[in-house]
Amino acid sequence: MSYPKIGIRPTIDGRWGGVRESLEDQTMGMAKRAKDLIESELRYPDGTPVQCVISPCTIGGGGEAAKCEEFFSTQNVVGTLTVTPCWCYGTETMDLNPNTIKAVWGFNGTERPGAVYLAAVMAAYAQRGLPAFSIYGHEVQDKDDTSITEDVKKKILDFARGAIAVGLMKNKSYVNLGSVSMGIAGSVVNVDFFQKYLGMRTEWVDMTEILRRIELEIYDHEEYEKALKWVRENCKEGYDTNAGKTFPEIITKSRHIPDDKQWEFCVKHALIVRDILKGNPKLAEIGWHEESLGRNAIAGGFQGQRMWTDWLPNADFTEAITASGFDWNGKREPIPFATENDTLNGVSMMLGWLVTNKAAIFSDVRTYWSPDAVERVTGKKLTGNAANGIMHLINSGASCLDGSAAAKNEKGEGCMKEWWNLTDEDIKALTEATDWCRANYEYFRGGGFSSHFKTEAEMPVTMIRTNIIEGVGPTLQVIEGYTCVLDDDVHKVLDERTDRSWPTTWFAPNLTTKSADSVYNVMAKWGANHGATVHGHVGDRLITLASMLRIPVAFHNVTEDRIFRPHSFNGFGTTDLESQDFRACAYYGPLYR
């Protein structure tokens, strides 16, 4: 693939005759150090190190700026980082390409006024309507100090990570398999949002296409046998909520696929959905060239309920394994894939995945449990991170297996990892931590299997939701917190009040801002019935990315010192950063128009 890249622009004082010559090495050195930092710290979702390119010359004026731009135009540069230790001519050296995400790092030293150029060029970007990020170290450095301070490193990496995410989404597809599920508003795909804010196309594939491919055997038969063998060896069946029940005829006559054939159907379903999203050259070898091409998807979702699940096995296995960091072929890149085709939660999963390279958990935001309510029904008090109350994140059988937190970090703690860091032991633990419960026939007449686990680690996580508000447009919600491990007997009582066959994560948000001052308020202000959760406290990364996409963040608990947005946003007010964000995003409008 042609990877999106960061272009580094070393700008310099253009005065020849001693000044410029004395700054060439220092200026180009800053560019090389920024390149080394980004390439050593960041990776694309496939695990490849992020790539940077440096202008073929330092930039002292418009001619060299044009030469740099011409080179970048051949390199798929999506974001530019201008670096300088000195004064430069602002409007003559700035990046005027309206299609790149922009940042400037001005060296904080006293010998040469890099900070003065930074301020001057920020003013120029603001006047020209081109949002740009300002990077300026907190501490003064000596001119021969070649280190990058920690605060500058973080801003460079946050900028580069966000810009690469923007580039990865551009021209990719969100694939809707089916249509609207059970009247869920997020299932109503908004093509303007995808096109204008994310640069993505939307594709629709009727669910009958999956049936066609099953019936005509349009899948890799060798891989199917491998996948089915892996499932039989690794996907143990769990609790059957249907056992002993007598169902009405409307349910018993609706199940089309016999119980002993359901795993075969589910495995074919998973293979075919992946092929629709990503393509598969093996299909061309068996005479299905068009089907082998795929849909250029970066994310997708499956409707399922109810037109499918009222007579066919649900897609819980497909949804869970597609969104996980491994399958029968071993560890591999997860695909954000939305239950009930909630496209807005699929986007939330995608954004979280892009800023972490880790699988995202899809959940219903089901219940707020106050400390008093928990004590009333269990006789026990909540403690630790859960002491102020918890939110029950549970999905109807389809969450990535990584969400069990059975993978271990170097300290032996449960965690979620980038797929390339998963070990064979991790994958074994993740499959053993998950059992597959027969779908509740009262909900899913056609049967199927639900992934079932509980998140068994206290992990830092971030919960995300994308919403669309009439009169505003798209907004983002970002709440950091911790997963909680409850006493087994407490978990059992609370979990079984909902559905013991579904995957559960107990979540306690950080109560760090006025807007998120109680667990109840987080639950009450959440924008929809679904949310996506990723490992790590990455709310600041998501806020930075959202500002690049011109999507205001309507609800978050990230402290102000961690918020990094374009410098020109300060022109829309400085005392109320949420209001500032809304006004700036409204004025600049969608990234793609």
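Overview of the structure. (Residues numbered from 1 in each chain as written. Predicted model: local features only at pLDDT ≥ 70, side-chain atom pairs only at ≥ 80, totals over all residues. Heavy atoms only, no water.)

Another aspect to go through is the overall build of the protein. For the protein, the helix and strand inventory stands at 20 helices and 23 strands. Projecting the C-alpha coordinates of the protein onto the three principal axes gives extents of approximately 90 × 65 × 50 Å. Counting all 593 residues of the protein, 61% fall into the buried class. In the protein, once contacts between residues fewer than 6 apart in sequence are set aside, the share between residues at least 24 apart is 76%. Carbon and sulfur atoms make up 49% of the accessible area of the protein, which amounts to about 23,300 Å² in all. Side-chain charges of the protein comprise 63 positive and 79 negative groups, with the mean position of each set lying 2 Å from the other. (Helix = DSSP H or I, 4+ residues; strand = E, 2+ residues; numbered from the N terminus. Buried < 20%, exposed > 50% of the residue type's maximum accessible area, 1.4 Å probe, protein only. Contact = heavy atoms within 4.5 Å. Areas by Shrake-Rupley, 256 points an atom, 1.4 Å probe, with all protein chains shown as cover. Lys, Arg positive; Asp, Glu negative; His and termini not counted. Charge placed at Lys NZ, Arg CZ, Asp CG, Glu CD.)

All right, on to the pattern of salt bridges then. A complete count under the given rule lists 36 salt bridges for this structure. Put simply, Asp259 and Arg438 hold a salt bridge, and the shortest N to O gap is 4.0 Å. Of this pair, Asp259 sits in the loop between helix 9 (249–252) and helix 10 (262–278) while Arg438 sits in strand 17 (residues 435–438); the two residues are 179 residues apart in sequence, bridging distant segments of the chain. Close ionic contact of Arg366 with Asp364 constitutes a salt bridge, the shortest N to O distance being 3.0 Å. You can call Arg366 partly exposed: its relative accessible area is 32%. Salt bridges sharing partners connect three or more residues here, namely Lys154, Asp158, Arg161, Glu480, Asp540 and Arg562. (Salt bridge = Lys/Arg side-chain N within 4 Å of Asp/Glu carboxyl O.)

Let us look at helix 19 (residues 539–549). In terms of burial, helix 19 is a largely internal element, ten of the eleven residues being buried. All of the buried residues along helix 19 are Gly539, Asp540, Leu542, Ile543, Thr544, Leu545, Ala546, Ser547, Met548 and Leu549. In the stretch just after helix 19, Arg550 is the one whose phi turns positive, near 65 degrees.

Our focus in this paragraph is the environment of Gly330. Among the secondary structure elements, Gly330 is positioned in strand 11 (residues 330–331). On the basis of relative accessible area, Gly330 is assigned to the partly exposed category, the value being 22%. The spacing of Gly330 and Ile427 is 97 residues in sequence and 8.1 Å in space, taken between C-alpha atoms.

Judged by pairing direction, the sheet is parallel, and its five strands sit side by side in the order 2-1-3-4-5 without closing on themselves. Because the sheet does not close on itself, it has two edges, and the strands there are strand 2 (52–54) and strand 5 (132–135). Strand-to-strand twist across the sheet, computed as the mean angle between neighbouring axes with direction ignored, equals 20 degrees. Relative to strand 2, strand 1 (residues 5–10) runs parallel, the two sharing three bridges. Bridging from a neighbouring strand, Ile6 pairs with Cys52 of strand 2. Running over the sheet, helix 4 (residues 114–128) touches strand 3 (77–84), strand 4 (101–106) and strand 5 and is turned about 155 degrees from strand 4. (Pairing = 2+ DSSP bridges. Axes fitted to C-alpha atoms, helices over the stretch in contact; angles between N-to-C directions.)

On to the side chain of Arg332. One can find Arg332 in the loop between strand 11 and strand 12 (337–338). When its relative accessible area of 18% is taken as the criterion, Arg332 is described as buried. A polar side-chain atom of Arg332 sits 2.3 Å from the main-chain carbonyl oxygen of Ser324. The contacts of Arg332, once residues within four sequence positions are left out, are Ile321, Thr322, Ser324, Gly325, Phe326, Asp327 and Trp419. (Polar contact = N/O pair within 3.5 Å; in protein donor to acceptor, adjacent residues only side chain to side chain.)

Moving on, we get to the packing of aromatic side chains. Aromatic ring pairs are defined here through the distance separating the ring centres and the angle between the ring planes. All chains considered together, the criterion is met by 25 aromatic pairs. Ring centres of Trp419 and Trp420 lie 5.9 Å apart, and the angle between their planes is 80 degrees; this geometry places the pair in the edge-to-face category. This pair shows no difference in class: Trp419 is buried, exactly as Trp420 is. Here the aromatic cluster, defined as three or more aromatic residues joined through ring pairs, consists of Tyr174, Phe193, Phe194 and Tyr197. A cation over a ring is seen here: Arg255 above Tyr441, with NZ or CZ 4.0 Å from the ring centre. Note that Arg500 overlies the ring of Tyr239, its terminal NZ or CZ placed 3.7 Å from the centroid. (Phe/Tyr/Trp six-rings, centres within 6.5 Å; stacked < 30°, edge-to-face > 60°. Lys NZ or Arg CZ within 6 Å of the ring centre and 35° of its normal.)

Another aspect to go through is the pairing of strand 3. With eight of eight residues buried, strand 3 is to be regarded as a mostly interior element. One ladder, built from six bridges, connects strand 1 with strand 3; its direction is parallel. Along strand 3, the bridge assignment pairs Pro10 with Val83.

Quick look at the nonpolar core now. Formed by 96 residues in total, the largest nonpolar core has its most connected members in Ile38, Leu81, Trp105, Leu198 and Met350. Tallying contributions element by element places helix 5 (residues 150–169) first for this core, with eleven residues. Discounting residues that sit within four places of it in the chain, Leu198 has contacts with Met169, Lys170, Phe193, Val347, Met350, Leu549, Ile551 and Tyr592. Counting 44 residues, the second largest nonpolar core, distinct from the first, contains Ile257, Ala270, Leu271 and Phe302. (Core = buried A, V, L, I, M, F, W, Y, C linked by side-chain atoms within 4.5 Å.)

Pairing within the open sheet is parallel, and its four strands lie in the order 7-6-9-12. Since the sheet does not close on itself, it has two edges, and those belong to strand 7 (201–205) and strand 12, each with one partner.

What follows concerns a negative patch on the surface. On the surface, Glu560, Asp561, Asp576 and Glu578 cluster together into a negatively charged patch. Tracing the backbone shows Glu578 in helix 20 (residues 577–588). Looking at Glu578, the relative accessible area reads 36%, which means it is partly exposed. (Patch = residues over 30% accessible without salt bridge, like charges linked within 9 Å, V, L, I, M, F, W, Y side chains within 5 Å.)

With that settled, the discussion passes to the environment of Ile101. As for its placement among the helices and strands, Ile101 is situated in strand 4. The sequence separation of Ile101 and Thr339 amounts to 238 residues, and the corresponding C-alpha distance is 32 Å. Those residues in contact with Ile101 that sit more than four places away from it in its chain are Val78, Gly79, Thr80, Phe133, Phe159, Ala163, Val166, Met548 and Leu591.

Topologically, Lys5 is positioned in strand 1. A residue is classified by how much of its surface remains accessible, and Lys5, at 10% relative accessible area, is buried. Sequence separation between Lys5 and Trp105 is 100 residues, and the spatial gap between their C-alpha atoms is 17 Å. When residues no more than four places from it in sequence are discounted, the contact partners of Lys5 are Tyr44, Gln51, Val53, Gln75, Asn76, Val77, Val78, Gly79 and Ile164.

Further remarks concern unusual backbone geometry. Omega for the bond connecting Gln305 with Arg306 falls within 30 degrees of zero, at -5 degrees, which places this linkage in the cis form. Considering the arrangement of structural elements, one finds Arg306 in the loop between strand 9 (297–302) and helix 13 (316–322). One non-glycine residue, Asn296, lies in the positive phi region at around 60 degrees. Note that Asn296 resides in the loop between helix 12 (289–292) and strand 9.

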